[in-house]
Amino acid sequence: MTTEIPVETGWDTAPGLLDGAMNLNLTPEQCDLAYWLRGVAQGTLLGRVETGHSAAEPTPDHMREPGPLRDALVMELACRSVAETEATKVLAHYVAAAPGAPELEFFATQLIDEARHAMVFRKHLLELAVPEAELPAVIERVSADYTREVVDPILDFALRAVRDEGDFIGGVAVFTIVIEGVLAPAAELSERKWNVLDPAAGAIARGASIDEIRHLSVGSTIVRDHLLKHPEYRPRLMDILERGRKLWEGIPDRRYVLEREELFQAGMRQHAALIQEYEVFPGRRLLDTTPEERYALAERWTDQMADSRFAYMGIDPAVMRIV
Ligand SMILES: [Fe+2]
Ligand SMILES: [Fe+2]
């Protein structure tokens, strides 16, 4: 018997993150536990359970050589694995606060997804020749400042809504808009940057992106449907989003992104022969881009994605526009 895999969870059929996050509308009822066990466990993850990539997507030897290219990926994976680990812990509160079976099942799967992302990012550090015994210390050293200044404040904000204030919908809005919405374009950029230089890292990023589309889409639907049924909730939602925007404005993520992109720039130059003709998007060679340009590109994607998700949720996008 063959298992029917939904288009959006098939490795070869799923859309890219931006396209999917802007155009795909999924509901928690649709994305229940059975959907996940079929479409993700037997679809997206087929042949990629252990490491997030297949044997045909290798880690080239040049990624294990000391230098800025490896340093850039070590920094990225360490920071992202901690962010995913912390997100997993916070999501336990979403499972606990779920108002019904569809939300409980969906957030249980999102919790597993984020724990899995943390795992494959960590395991790829081993494939970059970080010694296993040193892995926790390396992750801690590389990510400590980023965790304190970027990850903790936004996750604390989500926790306050969902756990302390008992506001499940507000918590979903914060997770979907402030956390996933802002981090997703960085994930898209990662996939496009590493595809050729490190096919394993490219595949790991692709797999995570397929999951993030689902998280963004279902989270948006939960907020949208709640607003349709309870228009009186809107002022509270706008208040929480406004506070989220103010919080995000004060977070120094740019410094960390640029530090990583500077390392990537130096590393990419050293390995320029491998990516001579590779285009980061149609008409733009990766080699011709600068750290600032890549940062600005991710920002632009964030705005485009937010505009389409906000339109779907029936919220004025100006509320999250960071000036
Ligand atoms: Fe994730
Ligand atoms: Fe996610």
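See above for the structure.
Just so it is clear, the structure is predicted and the values come from calculations on it, not from any experiment.

*Asks:* Give a detailed account of the packing of aromatic side chains, specifying residues and quantitative values.
*Replies:* With the rule as written, the count across this model stands at seven aromatic pairs. A centroid spacing of 5.8 Å and a plane angle of 85° characterise the contact between Phe107 and Phe168, whose relative ring orientation is edge-to-face. Taken as a pair, Phe107 in helix H4 (residues 101-127) and Phe168 in helix H6 (residues 168-194) lie far apart in primary sequence, 61 residues in all. Each of the two residues, Phe107 as well as Phe168, counts as buried.

*Asks:* Kindly report on the coordination of the iron ion (ligand 2), identifying the contributing residues and their values.
*Replies:* Each donor-metal-donor angle would ideally measure 109.5 degrees in four-coordinate tetrahedral geometry, or 90 or 180 degrees in six-coordinate octahedral geometry. Binding of the iron ion (ligand 2) to the protein goes through Glu114 (OE), Glu180 (OE), Glu180 (OE), Glu212 (OE) and His215 (ND1), at separations of 1.9 to 2.6 Å. Going along the chain, you hit the donors of the iron ion (ligand 2) in the pattern E-x65-E-x31-E-x2-H. Separating the iron ion (ligand 2) from the iron ion (ligand 1) is a gap of 3.6 Å, bridged by Glu114, which donates to each. Taken together, the residues span about one helical turn, with Glu212 and His215 both in helix H7 (residues 199-229) at a distance of three residues. Look at Glu212 and you get buried, because its relative accessible area is 7%.

*Asks:* Tell me about H6, and name the residues and values.
*Replies:* With 27 residues, H6 should cover 39 Å at 1.5 Å per step; its first-to-last C-alpha distance of 36 Å lies within 8% of that length. Along H6, 24 of the 27 residues are buried, which leaves the element largely enclosed by surrounding structure.

*Asks:* Which residues make up the coordination of the iron ion (ligand 1), and what values go with them?
*Replies:* Here the iron ion (ligand 1) is held by the protein donor atoms Glu84 (OE), Glu84 (OE), Glu114 (OE), His117 (ND1) and Glu212 (OE), which lie 2.1 to 2.4 Å from it. Here Glu114 falls in the buried class, since its relative accessible area comes to 2%.

*Asks:* Tell me about the environment of Ala41, residues and numbers included.
*Replies:* If you trace the backbone, Ala41 turns up in helix H2 (residues 33-44). Remark: the alpha-carbon pair of Ala41 and Thr9, spanning 32 residues in sequence, is separated by 9.5 Å. Sequence-distant contacts of Ala41, defined by excluding residues within four places in its chain, comprise Trp36 and Leu46.

*Asks:* For the environment of Asp19, give the residues involved together with the corresponding values.
*Replies:* By secondary structure assignment, the location of Asp19 is in helix H1 (residues 17-23). Expressed as a C-alpha distance, the spacing of Asp19 and Arg192, which sit 173 residues apart in the sequence, is 14 Å. Here Asn23 takes part through its side chain, which lies 2.7 Å from a polar atom of the side chain of Asp19.

*Asks:* How would you explain helix H3 (residues 68-97) if you had to name every residue and give the values?
*Replies:* When the terminal C-alpha atoms of H3 are compared, their 44 Å separation across 30 residues agrees well with the 44 Å that a helix rising 1.5 Å per residue should span. The buried fraction of H3 is high, at 21 of 30 residues.

*Asks:* Which residues make up the side chain of Ser54, and what values do they have?
*Replies:* Tracing the sequence through the fold places Ser54 in the loop between H2 and H3. For Ser54, a relative accessible area of 16% gives the class buried. Dropping the residues within four chain positions of it, Ser54 is found in contact with Gly47 and Arg48.

*Asks:* Please set out the pattern of salt bridges residue by residue, giving values where relevant.
*Replies:* Opposite charge on two side chains permits pairing when their charged atoms draw close. What the rule picks out here adds up to 26 salt bridges. Asp113 is the partner of Arg116 in a salt bridge, and the nearest nitrogen-oxygen pair spans 2.7 Å. In this pair, Arg116 and Asp113 are both assigned in helix H4, three residues apart and thus about one turn of the helix distant. With a relative accessible area of 13%, Arg116 lands in the buried category. Its salt-bridge partner being Asp167, residue Arg236 comes within 2.6 Å of it at the nearest N-O pair. Taken together, the positions of Arg236 in helix H8 (residues 234-249) and Asp167 in the loop between helix H5 (135-164) and H6 put the pair 69 residues apart, joining distant regions of the chain. Relative accessible area serves as the criterion here: at 28%, Arg236 is assigned to the partly exposed category. Residues participating in the shared-partner salt-bridge network are Glu76, Arg80, Lys193, Arg260, Glu261 and Arg294.

The rules behind these values
- Residues numbered from 1 in each chain as written.
- Chains lettered and ligands numbered in written order.
- Predicted model: local features only at pLDDT ≥ 70, side-chain atom pairs only at ≥ 80, totals over all residues.
- Heavy atoms only, no water.
- Phe/Tyr/Trp six-rings, centres within 6.5 Å; stacked < 30°, edge-to-face > 60°.
- Helix = DSSP H or I, 4+ residues; strand = E, 2+ residues; numbered from the N terminus.
- Buried < 20%, exposed > 50% of the residue type's maximum accessible area, 1.4 Å probe, protein only.
- Donors = N, O, S within 2.8 Å, 3.2 Å for Na, K, Ca; no water.
- Expected span 1.5 Å × (residues − 1).
- Contact = heavy atoms within 4.5 Å.
- Polar contact = N/O pair within 3.5 Å; in protein donor to acceptor, adjacent residues only side chain to side chain.
- Salt bridge = Lys/Arg side-chain N within 4 Å of Asp/Glu carboxyl O.

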